[in-house]
Amino acid sequence: MRVDIVSIFPEYFAPLDLSLIGKARAGGLLNLTVHDLRTWTYDVHRTVDDTPYGGGPGMVMRPEPWGEALDALAPPTPGDRRPPRLLVPTPTGVRFSQALAHELAAEPHLIFACGRYEGIDQRVLDHAATRMPVTEVSLGDYVLFGGEVAVLVIMEAVTRLLPGVLGNAGSLDEESHAHGLLEAPVYTKPPVWRGHEVPAVLRSGDHGRIARWRRDESLRRTAARRPDMIAALSPDSLDKRDVAALGEAGFPVPSADMAK
Ligand code: 6GU
């Protein structure tokens, strides 16, 4: 996968040299380049912002440097070739999710445009959308100074889904959010630590009981912490024991009689 990141703070992306993302880059699974937006400015002050039309607080990123950056990184694609996908982190975007991470991991080329201040002149995104798919994406309902940290988050979520990055691909199937539920708690040795015991079932060697216990814990945890995720579950994904576990967690399933 090819990734280009454009920002006025290229130093923000130093963590992308580390750990498993660094290894994916060194191993050729991820071809990632960080670009300084000011490369595409020509005045002495290398200006990237200006005052907003219509008034109001803060500054807006000027369109010209962004237009040139995108021309350089995404030259007009011949009709038979897939254009890159442009991602613009912003608190006004669609919510980032594991599903979107999977979608992005299947793209051959991503470009991230990191805005600062009050954002990027809307015409940059409108023009880019005539050439390539554009997705404005938000991490959640809070406001950051700029898109840089969001790109680190998104790239971490995406890189671990690239084929060959994780040793044990099975762990992707079991983890939180893989099936619309949070994962059960995990334990390792010693069996008793500071008076706290590892649940006996996990030491029983009975794989059927262990799987059921994990499923119950998963449902209980999700009901307690993320009722929105329980509400979004498809009733066909729940068996009778699931419905019982949810009932005990104080979460009656509306169509419980439909459960298998
Ligand atoms: Cl993606 N960008 C900014 N600036 N703030 C955010 C965000 C993104 N997601 C949540 N808050």
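Here, the structure is the one placed above.
Only a predicted model underlies this, so the values are computations on that prediction, with no experimental measurement involved.

**Section: the overall build of the chain**
Moving on, step 1. Helices and strands together make up the secondary structure of the chain, namely 9 helices and 9 strands.
Moving on, step 2. Whereas a compact globule of 260 residues would reach a radius of gyration of roughly 18 Å, the chain reaches 23 Å, over 25% beyond that.
Moving on, step 3. Taken over the C-alpha atoms alone, the chain extends approximately 70 × 45 × 40 Å along its principal axes.
Moving on, step 4. Per-residue burial over the chain gives 39% buried out of 260 residues.
Moving on, step 5. Summarising the internal contacts of the chain: among those between residues at least 6 apart in sequence, 71% fall at separations of at least 24.
Moving on, step 6. Averaging the locations of the 28 positively and 34 negatively charged side chains of the chain gives two centres separated by 7 Å.

**Some remarks on the sheet that holds strand β6 (residues 109-113)**
Moving on, step 1. Strand order in the open sheet made by the 5 strands is β2-β1-β6-β5-β7, with parallel pairing throughout. Lying at the two open borders of the sheet, with one neighbouring strand each, are β2 (31-36) and β7 (134-138). Within the sheet, the average angular offset between the axes of one strand and its neighbour, ignoring direction, is 30°.
Moving on, step 2. For strand β5 (residues 85-95) and β7, the ladder comprises 6 bridges, and the chain directions are parallel. By the bridge assignment, Leu 86 is partnered in β7 with Val 134.
Moving on, step 3. Strand contacts of helix α3 (residues 98-105): β5, β6 and β7, with the helix running at about 170° to β5, the strand carrying the most contacts.

**Side note on helix α7 (residues 207-225)**
Moving on, step 1. With 19 residues, α7 extends 27 Å between its outermost C-alpha atoms, agreeing within 8% with the 27 Å of an ideal straight helix rising 1.5 Å per residue.
Moving on, step 2. Burial in α7 covers these residues: Ile 210, Arg 212, Trp 213, Asp 216, Glu 217, Ser 218, Leu 219, Thr 222 and Ala 223.
Moving on, step 3. The inward-facing, buried residues of α7 abut α8 (227-231) and α9 (240-248).
Moving on, step 4. Taking the backbone nitrogen of Gly 208 as reference, a side-chain oxygen 3.2 Å away marks Asp 206 as the first, capping residue of α7.

**Structural notes on the site of the ligand**
Moving on, step 1. Near the ligand you find Pro 89, Thr 90, Pro 91, Val 137, Ser 138, Leu 139, Gly 140, Tyr 142, Val 143, Leu 144, Gly 146 and Ala 150, and these make up its full shell.
Moving on, step 2. In the environment of the ligand, a nitrogen atom lies 2.9 Å from a nitrogen or oxygen atom belonging to the backbone of Leu 139.
Moving on, step 3. A distance of 3.1 Å separates a nitrogen atom of the ligand from a polar atom in the backbone of Leu 144.
Moving on, step 4. Bound to the protein, the ligand loses 96% of the 290 Å² it would expose on its own.

**Remarks on the pattern of salt bridges**
Moving on, step 1. A full pass over the atoms with the stated rule returns 19 salt bridges.
Moving on, step 2. The residue Glu 107 makes a salt bridge to Arg 85 at a minimum N-O spacing of 3.2 Å. Pair noted here: Glu 107 is in the loop between α3 and β6 and Arg 85 is in strand β5, with a separation of 22 residues, a long-range link. Here Glu 107 and Arg 85 have matching classes, each one buried.
Moving on, step 3. Residues Arg 212 and Asp 216 are paired through a salt bridge, measuring 2.7 Å at the closest nitrogen-oxygen approach. Remark: Asp 216 and Arg 212 occur in helix α7; sequence separation between them is 4 residues, near one turn of the helix. The exposure classification of Arg 212 matches that of Asp 216, with both residues buried.
Moving on, step 4. Bridged by salt links that share partners, the residues Arg 212, Arg 215, Asp 216, Asp 239, Arg 241 and Asp 242 form one connected network.

**Here's the deal with the pairing of β6**
Moving on, step 1. With respect to burial, β6 is a largely interior element, 5 of its 5 residues being buried.
Moving on, step 2. Every second residue of β6 is oriented toward a common face, with His 109, Ile 111 and Ala 113 on one face and Leu 110 and Phe 112 on the other, all of them buried.
Moving on, step 3. Looking at chain direction, β5 and β6 are connected through 3 bridges and run parallel. By the bridge assignment for β6, Leu 86 is matched with Ile 111.

**Considerations on the packing of α3 against helix α5 (residues 148-159)**
Moving on, step 1. Packing of α3 against α5 leaves a shortest axis separation of 8 Å and a crossing angle of 70°. Looking at the two axes, α3 sits roughly perpendicular to α5. On α5, the residues touching Ala 101, Leu 104 and Ala 105 of α3 are Ile 154, Ala 157 and Val 158.
Moving on, step 2. Of the residues belonging to the contact of α3 with α5, the class tally is 6 nonpolar, no polar and no charged.

**Details of the environment of Ala 157**
Moving on, step 1. For Ala 157, the location among the structural elements is in helix α5.
Moving on, step 2. By relative accessible area, which is 17% here, Ala 157 ends up buried.
Moving on, step 3. A sequence separation of 59 residues divides Ala 157 from Gln 98, and the C-alpha atoms of the two residues are 7.5 Å apart.
Moving on, step 4. Discounting residues that sit within four places of it in the chain, Ala 157 has contacts with Phe 96 and Ala 101.

Definitions and cut-offs
- Residues numbered from 1 in each chain as written.
- Predicted model: local features only at pLDDT ≥ 70, side-chain atom pairs only at ≥ 80, totals over all residues.
- Heavy atoms only, no water.
- Helix = DSSP H or I, 4+ residues; strand = E, 2+ residues; numbered from the N terminus.
- Rg over C-alpha atoms; globule rule 2.2 N^0.38 Å.
- Buried < 20%, exposed > 50% of the residue type's maximum accessible area, 1.4 Å probe, protein only.
- Contact = heavy atoms within 4.5 Å.
- Lys, Arg positive; Asp, Glu negative; His and termini not counted.
- Charge placed at Lys NZ, Arg CZ, Asp CG, Glu CD.
- Pairing = 2+ DSSP bridges.
- Axes fitted to C-alpha atoms, helices over the stretch in contact; angles between N-to-C directions.
- Expected span 1.5 Å × (residues − 1).
- Polar contact = N/O pair within 3.5 Å; in protein donor to acceptor, adjacent residues only side chain to side chain.
- Near = heavy atom within 4 Å.
- Areas by Shrake-Rupley, 256 points an atom, 1.4 Å probe, with all protein chains shown as cover.
- Salt bridge = Lys/Arg side-chain N within 4 Å of Asp/Glu carboxyl O.
- Parallel < 35°, antiparallel > 145°, perpendicular 65-115°, else oblique.
- Nonpolar A, V, L, I, M, F, W, Y, C, P; charged D, E, K, R; others polar.

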